[in-house]
Amino acid sequence: VFSNSESEIINLEEGFSLQLSNLHLKEEKTKPNTNGAIVKTDDNAEKTEDEEKEDRAAQSLLNKLIRSNLVDTTNQVEVLQRDPTSPLYSVKSFEELRLKPQLLQGVYAMGFNRPSKIQENALPPCFLLLLGSAEDSPQNLIAQSQSGTGKTAAFVLAMLSRVEPGNKYPQCLCLSPTYELALQTGKVIEQMGKFHPELRLAYAVRGNKLERGQKISEQIVIGTPGTVLDWCSKLKFIDPKKIKVFVLDEADVMIATQGHQDQSIRIQRMLPRDCQMLLFSATFEDSVWKFAQKVVPDPNIIKLKREEETLDTIKQYYVLCNNRDEKFHALCNIYGAITIAQAMIFCHTRKTAGWLAGELSKEGHQVALLSGEMMVEQRAAVIERFREGKEKVLVTTNVCARGIDVEQVSVVINFDLPVDKDGNPDNETYLHRIGRTGRFGKRGLAVNMVDSKHSMNILNRIQEHFNKKIEKLDTDDLDEIEKIAN
DNA sequence: AAAAAAT
């Protein structure tokens, strides 16, 4: 089915009927682990050179064809089942899930042909009933997998498959850490569910005001913690007892003490006992991981290991300066190089972000600013312009550190290094920030601006944590920068 | 420190 001829490629694009069986002929081998975990490893050992060459050609073509993570080069998935004796499901096609035709149509219309690695493993526990398992209740899940591996589509599919469009009340609830991410995920839900005529989505976000006493008729709700909590409790727009699926996107921040723990847990306590809980994130710091297992009853656990690879596609540099003004001038020097595609510049505070955007404008560089202190209407407009490519450079805070998916972003600049409230390096945020680039296996560039001995020390600790060299960059050497940016 | 918020 797969071929290099152009006519066939066009057919594939139009019909979305691509069969990828050729790429995954090898059966996966599973071997039991000491603590009941199953570690699956793709075995490529007996492939001939020709086969490998064919695989490589096929993969590069596919990547060009379809903007998705169809071909996942991940080599290790760790699955820890709630019941280690039950069979280990792993779906190789969306058909196996026996989705409603309207939903399958939505999946294919988005350009997904075959489940990504995380989807292969994460979907079965969400679909046990459909797969004809003896299990009667939907299973809970904690899933960790790197940026751009298809987490969003996995939990959106889980929600859409369980929703009953005929029932005009909220049945699925998804929480996002920020306004912008809620909008983005909402778009995915809308796209994937667009062939279900009756299906509606409500946005429980800042600025979305409803009349008192009103009830929400939409079957799915996506929102940010504060608004969702209000809608469930004092405003009573949502009856939390009727929620069947509860999703925490960027789950680690959603349950972290320094994050949205209070509100998320208060919402969770209002849900019925048999409500399915799905936690997804690219990172789970140790203490948060323990807490997750405490709040999610009998979870299935999926970990997808690809940290090295993520960092392989993203080149990391640092620029040595003595103070904030020097950082600003260094940034001006590389502005031309970073605007070849799109760039995101992260600052520690809203104030710095505002200042930096102002200074860059004064120098005649066009930049957009996005931070949490802005009005929601303005925030929606800015992120939209950035998505459309009307803005090339976005100066922002940690509000955009996670989840924001703009394909053209090829450079991430840490104008300030990510640190937590105690001033220690924030490794999780670092990985999330630089994960805004290098998406879909593309190459990405991260530049860290260092302005003191203290921040150099923080950078060194980040470098040690990921065990990955961060090289020095001379911002006066424009040739070198252009070369890297290209 | 940022984010969340009909406070």
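A quick note: this is a predicted structure, and the numbers were derived from the prediction, not measured.

## Considerations on the layout of surface pockets
Right, so step 1: Each pocket or cavity is described by its volume, and for the largest pocket that value is around 1400 Å³.
Right, so step 2: In terms of lining residues, the largest pocket is bounded by 42 residues, among which Val 253, Gln 258, Gly 259, Asp 426 and Thr 429 are the most central.
Right, so step 3: Elements with a contribution of two residues or more to the lining of the largest pocket: helix 7 (225-232), helix 8 (251-255), helix 9 (261-270), helix 10 (286-295) and helix 15 (427-434).
Right, so step 4: Among the residues making up the lining of the largest pocket, the classes are represented as 12 nonpolar, 19 polar and 11 charged.
Right, so step 5: In this structure, the lining of the largest pocket is formed jointly by two domains, domain 1 (54-304) and domain 2 (314-485), each of which donates at least three residues.

## Quick notes on the domain arrangement of chain A
Right, so step 1: Split into domains, chain A comes out as domain 1 (54-304) and domain 2 (314-485).
Right, so step 2: The interface of domain 1 with domain 2 comprises 20 residues on the first partner and 21 residues on the second.
Right, so step 3: Where Glu 384 meets Lys 187, a salt bridge forms, and the shortest distance between an N and an O atom there is 3.4 Å.
Right, so step 4: Here domain 1 is connected to domain 2 by nine residue pairs in polar contact (both at pLDDT 80 or more).
Right, so step 5: Looking at the side of domain 1 that touches domain 2 element by element, the count peaks at six residues for helix 6 (residues 179-192).
Right, so step 6: Among the residues forming the side of domain 1 that touches domain 2, the class breakdown is five nonpolar, eight polar and seven charged.

## Regarding the packing of helix 5 (residues 151-162) against helix 6
Right, so step 1: Axis separation between helix 5 and helix 6 bottoms out at 10 Å; the angle between their running directions is 55°. With respect to helix 6, the axis of helix 5 lies oblique. Helix 6 is crossed by helix 5, and the crossing has right-handed handedness. Contacts between helix 5 and helix 6 involve Thr 152, Ala 153, Phe 155, Val 156, Leu 157, Met 159 and Leu 160 from the first element and Thr 185, Val 188, Ile 189 and Met 192 from the second.
Right, so step 2: Residues that form the contact of helix 5 with helix 6 fall into these classes: nine nonpolar, two polar and no charged.

## Comments concerning empty space enclosed by the protein
Right, so step 1: Per the stated rule, a full pass over the model turns up two cavities of 30 Å³ or more.
Right, so step 2: For the second largest cavity, the calculated volume is near 30 Å³.
Right, so step 3: Around the second largest cavity, the lining residues are Gln 146, Ser 147, Ala 282, Thr 283, Leu 431 and His 432.
Right, so step 4: Class assignment for the residues of the lining of the second largest cavity results in two nonpolar, four polar and no charged.

## Regarding the protein's contact with DNA strand B
Right, so step 1: Lining the immediate environment of DNA strand B, one finds 22 residues, of which Thr 224, Thr 227, Leu 235, Phe 237 and Arg 350 sit closest.
Right, so step 2: Put simply, 58% of the atoms of DNA strand B that lie within 4 Å of the protein are in sugar or phosphate.
Right, so step 3: Within the contact set of DNA strand B, a phosphate oxygen lies 2.3 Å away from a side-chain nitrogen or oxygen of Thr 227.
Right, so step 4: Contacts to DNA strand B include His 348, whose side-chain N or O atom sits 3.1 Å from a sugar or linking oxygen.
Right, so step 5: Here the residues of the surface near DNA strand B are counted per class, giving six nonpolar, 11 polar and five charged.

## Here we look at the environment of Ile 314
Right, so step 1: If you trace the backbone, Ile 314 turns up in strand 11 (residues 314-320).
Right, so step 2: Separated by 128 residues in the primary sequence, Ile 314 and Lys 442 place their C-alpha atoms 8.4 Å from one another.

## Brief notes about the nonpolar core
Right, so step 1: Counting residues in each nonpolar core, the largest one holds 47 residues, and the members touching the most others are Phe 94, Leu 157, Met 159, Met 192 and Ile 220.
Right, so step 2: No other element matches the eight residues that helix 5 contributes to this core.
Right, so step 3: If sequence neighbours within four positions are ignored, Leu 157 has contacts with Phe 94, Leu 97, Leu 99, Leu 103, Val 107, Leu 123, Phe 127 and Met 192.
Right, so step 4: The next biggest cluster of nonpolar side chains, apart from the first, holds 33 residues, and it includes Ala 204, Ile 238, Phe 284 and Val 296.

## Focus: the packing of aromatic side chains
Right, so step 1: Inspection of the entire model under this criterion finds seven aromatic pairs.
Right, so step 2: By the ring-pair criterion, three or more aromatic residues cluster together here, those being Phe 328, Trp 355 and Phe 415.
Right, so step 3: Above the ring of Tyr 169, the side-chain terminus of Lys 242 is found at 4.5 Å from the ring centroid.
Right, so step 4: Across the ring face of Trp 355, the terminal group of Arg 324 is positioned such that the distance to the ring centre comes to 3.6 Å.

## Brief notes about the pattern of salt bridges
Right, so step 1: One pass over the structure, following the stated rule, counts 16 salt bridges.
Right, so step 2: Glu 180 is the salt-bridge partner of Arg 379, the closest N and O atoms lying 2.7 Å from each other. Here Arg 379, found in helix 14 (residues 376-388), pairs with Glu 180, found in helix 6; they are 199 residues apart in sequence, far enough to count as distant. In this structure, Arg 379 and Glu 180 share a single accessibility class: buried.
Right, so step 3: One salt bridge connects Asp 422 with Lys 421, and the closest N-O pair in it is separated by 3.9 Å.
Right, so step 4: Take Asp 422: its relative accessible area is 54%, and that puts it in the exposed class.

## Details of the confidence of the model for chain A
Right, so step 1: Considering every residue of chain A, the mean pLDDT works out to 82; 79% of them sit at 70 or more.
Right, so step 2: Between residues 1-47, whose pLDDT stays under 50, and residues either more than four places distant or in other chains, the model counts 82 contacts.
Right, so step 3: The low-confidence segment residues 56-74, where pLDDT is below 50, has 46 contacts with residues more than four positions distant or belonging to other chains.

## Considerations on the UniProt feature "short sequence motif: Q motif" (unreviewed entry) in chain A
Right, so step 1: Following the UniProt record, one finds the feature "short sequence motif: Q motif" (unreviewed entry) at residues 92-120.
Right, so step 2: The annotated region residues 92-120 carries 45% helix and 0% strand content, and the separation between its end C-alpha atoms amounts to 6 Å.

## Points about the environment of Lys 234
Right, so step 1: The topology assignment puts Lys 234 in the loop between helix 7 and strand 8 (245-249).
Right, so step 2: The class of Lys 234 is exposed, set by a relative accessible area of 62%.
Right, so step 3: Separated by 140 residues in the primary sequence, Lys 234 and Phe 94 place their C-alpha atoms 40 Å from one another.

## Some words on the sheet that holds strand 11
Two orientations exist for strands paired in a sheet by backbone hydrogen bonds: parallel and antiparallel.
Right, so step 1: The strand order across the open sheet formed by seven strands is 13-14-12-15-16-11-17, and the pairing between neighbours is parallel. The open sheet has two free edges, formed respectively by strand 13 (368-370) and strand 17 (471-472), since each of these has just one partner strand.
Right, so step 2: As paired strands, strand 13 and strand 14 (residues 393-396) are joined by three bridges and run parallel to one another. Along strand 14, the bridge assignment pairs Ala 368 with Leu 394.
Right, so step 3: Packed on one face of the sheet, helix 12 (residues 324-338) meets strand 11, strand 12 (342-346), strand 14, strand 15 (409-414) and strand 16 (444-450) and runs near 175° to strand 15.
Right, so step 4: Here helix 14 sits on the sheet in contact with strand 12, strand 13, strand 14 and strand 15, set at roughly 130° to strand 13.

Reading the values: rules and limits
- Residues numbered from 1 in each chain as written.
- Chains lettered and ligands numbered in written order.
- Predicted model: local features only at pLDDT ≥ 70, side-chain atom pairs only at ≥ 80, totals over all residues.
- Heavy atoms only, no water.
- 1 Å grid on protein atoms, 1.4 Å probe; cavity = no way out; pocket = protein on both sides within 12 Å on 5 of 7 lines; lining within 4 Å.
- Points joined across faces, edges and corners; volume = space filled by probe spheres on them.
- Helix = DSSP H or I, 4+ residues; strand = E, 2+ residues; numbered from the N terminus.
- Nonpolar A, V, L, I, M, F, W, Y, C, P; charged D, E, K, R; others polar.
- Domains from an automatic or database assignment.
- Contact = heavy atoms within 4.5 Å.
- Salt bridge = Lys/Arg side-chain N within 4 Å of Asp/Glu carboxyl O.
- Polar contact = N/O pair within 3.5 Å; in protein donor to acceptor, adjacent residues only side chain to side chain.
- Axes fitted to C-alpha atoms, helices over the stretch in contact; angles between N-to-C directions.
- Parallel < 35°, antiparallel > 145°, perpendicular 65-115°, else oblique.
- Left-handed = near helix turned anticlockwise from the far one by under 90°.
- Near = heavy atom within 4 Å.
- Core = buried A, V, L, I, M, F, W, Y, C linked by side-chain atoms within 4.5 Å.
- Buried < 20%, exposed > 50% of the residue type's maximum accessible area, 1.4 Å probe, protein only.
- Phe/Tyr/Trp six-rings, centres within 6.5 Å; stacked < 30°, edge-to-face > 60°.
- Lys NZ or Arg CZ within 6 Å of the ring centre and 35° of its normal.
- pLDDT = per-residue confidence, 0-100.
- UniProt positions renumbered as here; feature names shortened; annotations may be inferred.
- Pairing = 2+ DSSP bridges.

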